[in-house]
Amino acid sequence: MAELRFPPQEVTVALSRHAAWSGGRSDGERLQRKAENFSFLRLDNAKLNDAVLARCQFTGASMVKAELRRADLFAVDFMRADLSGAVLDRSDLRGANMMRTILRGASLNQADLRPGQILLDSGGTKSLAANLSEAKLDGADLRAAQLDEANLSVSSATGANFSNASLFAVNLAGADLSGANLTSARLKDVNLVGARLEGALLQGADLRGANLRNCDLSKVNLKGVDLSHSVYRKAANLPAEVDVILQAHSRWIATGGADGQRAILSAMKLAGCDFSSCDLRGAELHGADLKGADFTSAQLLFASFLGADLPHANFDQADLGGVNFTSANLAGATFRGAKLVGAPLFSAAAGTTGRTIYPILTGADLTGADLRGAVLDHIDLSGAKLSRVNLAGADLRHCAGLSGAA
């Protein structure tokens with residue numbers, strides 16, 4: 001990483017004249033720069049209130065306790081910059097890149113972080129969502145901030161104040177919101193997969209349609225919270241060891257494997273555990289004891305249950321795209337309304353590979369299993385035990401080997 005350097009003389013003069021302008025002096029001049037590069041500069045305590053700095057680059061800059069009230073920071077790049085204690089109240093941060101930005105104790109009261117529209121050379125427009133992934137927002141003041149559709153995945157916002165903020169469809173997957181104030185925040189359709197919410201204040205929050213998979217809500221006061229149409233685990237806690245694994249797994253999902261760790265639950269004794277509505281995409285549960293476990297409405301894309309013991313487990317309404325049940329004991333298990341379908345395989349760069357992975361049930365014991373209303377696509381059941389399987393109303397698309405079902 002480049003070393004910090006002091007601003008060149010021309011920038012120092014411009015900052016001084018802007019300070020004079022802010023103070024109402026006749027010799028001052030408002031700072032108006034667009035798409036200029038201020039990366040890795042030492043700008044601590046800079047007085048930049050009302051400055052126009054749209055699309056400028058401040059990558060890696062040190063701006064500790066800088067004042068940027070009402071500044072035009074449209075599509076600015078603050079990646080890895082240190083804005084600890086900075087004041088950005090009512091600033092225009094639409095489409096800003098604040099990935100890994102340090103904003104501890106910063107004030108973004110009523111800041112605008114909604115998507116911004118950029119005019120392309122071709123004449124069209126491109127929407128840029130504000131990116132605060134992996135940002136450090138601990139103790140930050142974001143009261144009444146506009147954060148719709150922003151990316152705050154795996155960010156740290158412990159003790160941050162989001163009261164009355166608009167967070168529609170924000171990505172907070174894997175974020176740490178412990179002790180955060182989300183009172184009366186608008187969180188409709190927000191992604192909170194694996195987010196930490198211990199001690200968070202949610203009174204009056206709108207969480208309609210929110211994705212709360214892998215969240216431990218046992219220590220959260222949900223009184224007065226609107227959770228209609230949201231997805232969350234409603235029953236007892238999982239073992240502490242499993243909750244830790246799910247937290248790391250959530251970060252693994254949110255970062256595409258760059259951080260966190262894939263959930264490995266192989267050979268663990270988890271009989272009767274409640275995984276309902278959890279996100280276990282790509283998890284490994286080989287040989288696990290999961291007798292009577294509950295996976296209702298769980299996200300299990302590409303999960304592997306090779307040789308797992310799952311008698312009377314509940315997979316109702318679960319997404320089982322590309323799941324591996326090779327040699328699993330599924331006697332008496334229920335799959336009502338579940339989807340055992342093909343899932344497209346993507347590369348690490350999120351590009352399509354053209355491959356589709358279908359569920360595998362080779363050697364699985366489905367004796368007495370209930371698959372009413374389930375969707376099964378391109379599955380070869382010739383090697384599975386199908387005695388007394390209930391397939392009433394099931395959608396069997398291109399499946400083979402059903403002669404053993406009775």
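Attention here is on the structure that accompanies the text. (Residues numbered from 1 in each chain as written. Predicted model: local features only at pLDDT ≥ 70, side-chain atom pairs only at ≥ 80, totals over all residues. Heavy atoms only, no water.)

The helix and strand tally for the protein chain stands at two helices and seven strands. In sequence order, the secondary structure elements of the protein chain are arranged as α-β-β-α-β-β-β-β-β. Judged by the C-alpha coordinates and their principal axes, the protein chain covers about 90 × 45 × 35 Å. Scored against the burial criterion, the 406 residues of the protein chain give a buried share of 50%. Looking at the protein chain as shown, the accessible area adds up to about 17,400 Å², and 48% of this sits on carbon and sulfur atoms. Of the side chains in the protein chain, 42 bear a positive and 42 a negative charge, and the two mean positions are spaced by 2 Å. (Helix = DSSP H or I, 4+ residues; strand = E, 2+ residues; numbered from the N terminus. Buried < 20%, exposed > 50% of the residue type's maximum accessible area, 1.4 Å probe, protein only. Areas by Shrake-Rupley, 256 points an atom, 1.4 Å probe, with all protein chains shown as cover. Lys, Arg positive; Asp, Glu negative; His and termini not counted. Charge placed at Lys NZ, Arg CZ, Asp CG, Glu CD.)

Look at R80: it is not a glycine, yet its phi comes out positive at around 65°. As for its position among the elements, R80 is in the loop between α1 (9-22) and β1 (116-119). Since its relative accessible area comes to 37%, R80 is described here as partly exposed. A positive phi is found at S327, a non-glycine position, where the angle reads about 60°. Of the residues examined, S327 reaches a relative accessible area of 44% and is grouped as partly exposed.

Time to look at the sheet that holds strand β3 (residues 339-340). Hydrogen bonds along the backbone pair up the strands of a sheet, which may run parallel or antiparallel. In spatial order, the strands read β3-β6-β7; together these three strands make up an open sheet with parallel pairing. Looking along the sheet, the strands with just one partner apiece sit at the ends: β3 and β7 (395-397). Taken together, the two bridges between β3 and strand β6 (residues 375-377) define a ladder with parallel strand orientation. Of the residues in β6, the one forming a bridge with L340 is L376. (Pairing = 2+ DSSP bridges.)

Under the criterion given, the structure shown has 10 aromatic pairs. Ring centres 5.8 Å apart and planes at 90° place the aromatic pair F305 and F315 in the edge-to-face group. Residue F305 is located in the loop between α2 (240-254) and β3, and its partner F315 is located in the loop between α2 and β3; the two are separated by 10 residues in the primary sequence. The two residues F305 and F315 agree in class, both being buried. (Phe/Tyr/Trp six-rings, centres within 6.5 Å; stacked < 30°, edge-to-face > 60°.)

Turning to the side chain of D148, a few remarks are in order. Here D148 lies in the loop between β2 (125-128) and α2. We note that D148 is buried and unpaired, the nearest opposite charge coming from R114 at a distance of 5.8 Å. Sequence-distant contacts of D148, that is, excluding residues within four places in its chain, are made with L113, R114, P115, S166, L167, F168 and V170. (Salt bridge = Lys/Arg side-chain N within 4 Å of Asp/Glu carboxyl O. Contact = heavy atoms within 4.5 Å.)

The end-to-end C-alpha separation of α1 is 20 Å, in line with the 20 Å expected for 14 residues at 1.5 Å each. Following α1 by one or two positions, G24 adopts a phi angle in the positive range, close to 80°. (Expected span 1.5 Å × (residues − 1).)

Bringing the nonpolar core into the picture now. Ranked by internal contacts, the top residues of the largest apolar core, which has 72 residues, are F58, M63, L68, F78, L93, L147 and F162. Counting residues in hydrophobic clusters, the runner-up holds 49 residues, among them M268, F325, A328 and L340. (Core = buried A, V, L, I, M, F, W, Y, C linked by side-chain atoms within 4.5 Å.)

As a further point, take the environment of K65. Within the secondary structure, K65 sits in the loop between α1 and β1. Along the primary structure K65 and G209 are separated by 144 residues, whereas in three dimensions their C-alpha atoms are 37 Å apart. Once residues within four sequence positions are removed from consideration, K65 is found in contact with N45, S84, G85 and A86.

It is worth stressing that arrangement in space is one thing and function is another; only the former is reported here.
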